[in-house]
Structures are given as structure tokens and as C-alpha cells.
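Architecture at a glance
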Amino acid sequence: TGAVISSIPAHTTTPEAVPVWQLIEIVKGDSLVRIFKRLDLDPAQAITISKLHDAKPLSNLRPGPFLKIRRDGDNLLSLQYQPDSAHYLRIESADDHYQAEMVEREFQIKQREVVIEITDSLYQSARRTQLPDSVTYRLADIFQWQVDFSTDIRKGDLLTLVYEERFLDEKKVGNGPILAASLETGNNTYHAIRHTLSDGSGNYYSSDGKSLRGAFLRSPIANPRITSSFSYNRLHPVLKIRRPHLGVDYGATRGTPVIATADGKIVRASRKGGYGKTIIIRHGQQYHTLYGHLSRYAKGIRKGRSIKQGQVIGYVGTTGLSTGPHLHYELHVDGKPRNPQTFKTPRTASVNSKEKPAFIEHANDWIARLESIHQT
């Protein structure tokens, strides 16, 4: 609730004389002054009340039945205005003055259980269960490091989730967080359990307390030695012209193993112009990494394969436009190149060790509930 910042003189009345609330319909273009004139109240009071610190919403009234007053003849006793569904402004007389206070309304929280059987796309399948689009997008974001919903899911895969719905006066006004979810795809089952952190934010973890959001290693090779940094105006050692160098070069002997800096899926494993033999990995929906000038690819590396952080994907070489053995490494965020040395990539941690036993017990309860939901 808001603090009282200012006040003005008010008329008072005895408790037994206080009338009931009078509901006022706000019409388009209405102002508090116009409404006061219409009700034969002093418009000067409307101007002064509107200047109270917490009464700012009164300067821009929304049409509808969102204003009510109590009065004693031509004197205003109290006023309530609802600027949005989650708050209302209360003006009350106290100690011969008016006081303004913004009050946050308490939501009624309900939990909704949903089972989605994939028949085509996640979006279309979720819509058939009447899952709100915003919840569908949130669900895809939670599992984005585990699967690519555009390519990895198949007909018959199952998504089970429990999320919050928020109500005011028995009317739904929004959706809260997803509390728990499971994804069954192929031979894999992924769980996402929401855990509230000390700062009040919520993250999602697997049943054993590991974060579902991927993290990045700082370097794709061991004992990294930077020979050329990220620059928009570097003199190219082969072409002898100035051009952007949108990555970092690591000097290393030919054949040095190159590892993936984060979990992801290979979207390219082939020659790419001046990069020579190249691997590009997609990590979640936002991130891509590129590894260039490789001498060869590791066994089994090909487009479409899922990769684990730290897995060897290739070996340092000098293919493409290169003056000697080195690895060219790039990081792209939302399609734009970023400096891998300075950009703060995700750094995620498991559930705190002190909290883990309680979390795992909590997670097991959720997993049991999720299993019971899609079995009914």
C-alpha cells in the first residue's frame, strides 16, 4: 500500500450518519472535476485531491464503473477508484483531512492442470487444450535447452503441466507462473520444477536440482591463448585489408581438441567460405556458437546432432583463410555477434546445497502429481 504524502481539509460526520457507497459510471472524456460538477460537489476539492501524491491515476480516468463515493450532502467523505484490475485508490477523511492510499488487491490463485498430446506443432496442440498462448511460450522457453520444439518433438509426445491462474471477484485476470512440467519425447522424460530464490525470482530445475537453463564455458579449448581479439576494424592477416573480426582467435597446435562451450544442437558441420571446416551450434533460442578453421570433425559430428557442454566436436586446423593453426570462435546472441571475452553469457547454478534436500522432496511430490495427471 502507498504511503500518505499530502492531505487537505475534509468535512467529517458522525459514524451513524455515514451513507452507503454511490457507484459512478465514468464516461469517455470524463475528468474528476467534471464528475464533481455533475454530482454538485465542490470542483475545487477534485483539483486538490488529484494533486495528492498517490492520487495521480485520478488525472486520467478510464471509462466504466470504476469510481464510487460516499458523501454528506455536497461534501465528499471518501472516494475509491480502480485504475486497473490489480489496484484501487482509496481517498478517506481522517483527522479533518483527506488521505490518499493505493491498495494492491489480493488475487485468488487457482492451479490448472493440463496435458498436451503432440499431434502436430506444440502451438497447435496446446491451443486444442485451450492453453493460453503466453503459457505455451513460457513452456517452450523453459525446455528450450533440452529440445528444439520445431524439430525434436514427434506425434504422440506428451507435455504435462500445472500453472497458476489469477482471479479477482471470480473473474480471471491473468496467468501466474508454471509451477511444474514434464515432457515425454522419444525415450526421454524431462522435468521442470519451479524453485523460488532468495530474491523472489523463480528458476526451473530438474528433479535432482540442476538448472534447466544452459551455461557457457569461457573457452572452447584447454589452456587458451588469444592471438586475435574481437574487433570491428582489424587488419586481416591474409587479405591485408581492414574488416570486422567478429570473434576470437585461439592459437593452438594442429589437432588440439575443440569442445562445445554449451549444450546445444549442431546446425552446420561443413565448409563455410573463409572459415574453412566449420561447426555452428545452436544453444536454446537465443545463442549460436561458431568454430572455424578446423582440421577435421570429431567422430559422429554432423548436422542435427545434439551436443553436450565440454564434448569434443573437432580439432584445431588451418583450413580456409588462415595463416597458421588456430581456432576461430564466435558467439551470436539473437543473430548478432558478441564479444565472447566480455559478453556475460548465462551462468546458472544448481539449487543451493543447503536447500537441496527440501527441494528434492518437493520435486518428487510434483513428479508424482504430474504422473497422476496424465494417467487420469
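To continue, consider unusual backbone geometry. For D40, which is not glycine, the phi dihedral falls at a positive 60°. According to the relative accessible area criterion, D40 is exposed, its value standing at 60%. Of note, Q130 is a non-glycine position whose phi angle comes to about 65°, a positive value. Mapped onto the secondary structure, Q130 falls in the loop between α3 (122–128) and α4 (133–142). Taking the relative accessible area as the measure of exposure, Q130 reaches 67% and is therefore exposed.

Summary statistics for the chain give a mean pLDDT of 86 and a share of 91% for residues scoring 70 or more. Every residue in residues 1–8 is under pLDDT 50, and counting partners more than four places away or in other chains gives 24 contacts.

For the rest of this paragraph, the subject is the packing of aromatic side chains. In this structure the tally under the stated criterion is six aromatic pairs. Ring geometry for Y205 and F359: centres 5.9 Å apart, planes at 75°, overall edge-to-face. Here the residue Y205 occupies a position in strand β10 (residues 202–205), and F359 occupies one in helix α5 (residues 356–375), the gap between them amounting to 154 residues. Relative accessible area serves as the criterion here: at 4%, Y205 is assigned to the buried category. Arranged with centres 5.3 Å apart and planes meeting at 50°, the rings of Y291 and Y329 form a pair that is tilted. With a gap of 38 residues between them, Y291 in strand β18 (residues 287–297) and Y329 in strand β21 (residues 326–333) connect regions that are remote in the sequence. The pair Y291 / Y329 is uniform in exposure class, with both members buried.

There is a patch of nonpolar side chains on the surface, built from F107, I109 and V173 and spanning about 220 Å² of accessible area. Among the structural elements, I109 can be located in strand β6 (residues 108–117). For I109, a relative accessible area of 42% gives the class partly exposed.

Quick look at the side chain of T185 now. Mapped onto the fold, T185 is located in strand β8 (residues 171–185). Polar contacts involving the side chain of T185 include one to the side chain of D157, which spans 2.8 Å. Filtering out sequence-adjacent residues up to four positions away, T185 remains in contact with V147, D152, I153, D157 and Y190.

Taken together, the five strands give an open sheet; going across it, the order is β1-β2-β3-β4-β5, and neighbouring strands pair in antiparallel fashion. The sheet is open, and its two borders are formed by β1 (22–26) and β5 (97–104), each paired with just one other strand. Each adjacent strand pair in this sheet contributes to an overall mean axis angle of 25°, direction not counted. As defined by bridge partners, β1 adjoins strand β2 (residues 64–72) across four bridges and the pair is classed as antiparallel. Across the sheet, the residue bridging to Q22 is I69, located in β2.

About the thresholds
- Residues numbered from 1 in each chain as written.
- Predicted model: local features only at pLDDT ≥ 70, side-chain atom pairs only at ≥ 80, totals over all residues.
- Heavy atoms only, no water.
- Buried < 20%, exposed > 50% of the residue type's maximum accessible area, 1.4 Å probe, protein only.
- Helix = DSSP H or I, 4+ residues; strand = E, 2+ residues; numbered from the N terminus.
- pLDDT = per-residue confidence, 0-100.
- Contact = heavy atoms within 4.5 Å.
- Phe/Tyr/Trp six-rings, centres within 6.5 Å; stacked < 30°, edge-to-face > 60°.
- Patch = residues over 30% accessible without salt bridge, like charges linked within 9 Å, V, L, I, M, F, W, Y side chains within 5 Å.
- Areas by Shrake-Rupley, 256 points an atom, 1.4 Å probe, with all protein chains shown as cover.
- Salt bridge = Lys/Arg side-chain N within 4 Å of Asp/Glu carboxyl O.
- Polar contact = N/O pair within 3.5 Å; in protein donor to acceptor, adjacent residues only side chain to side chain.
- Pairing = 2+ DSSP bridges.
- Axes fitted to C-alpha atoms, helices over the stretch in contact; angles between N-to-C directions.

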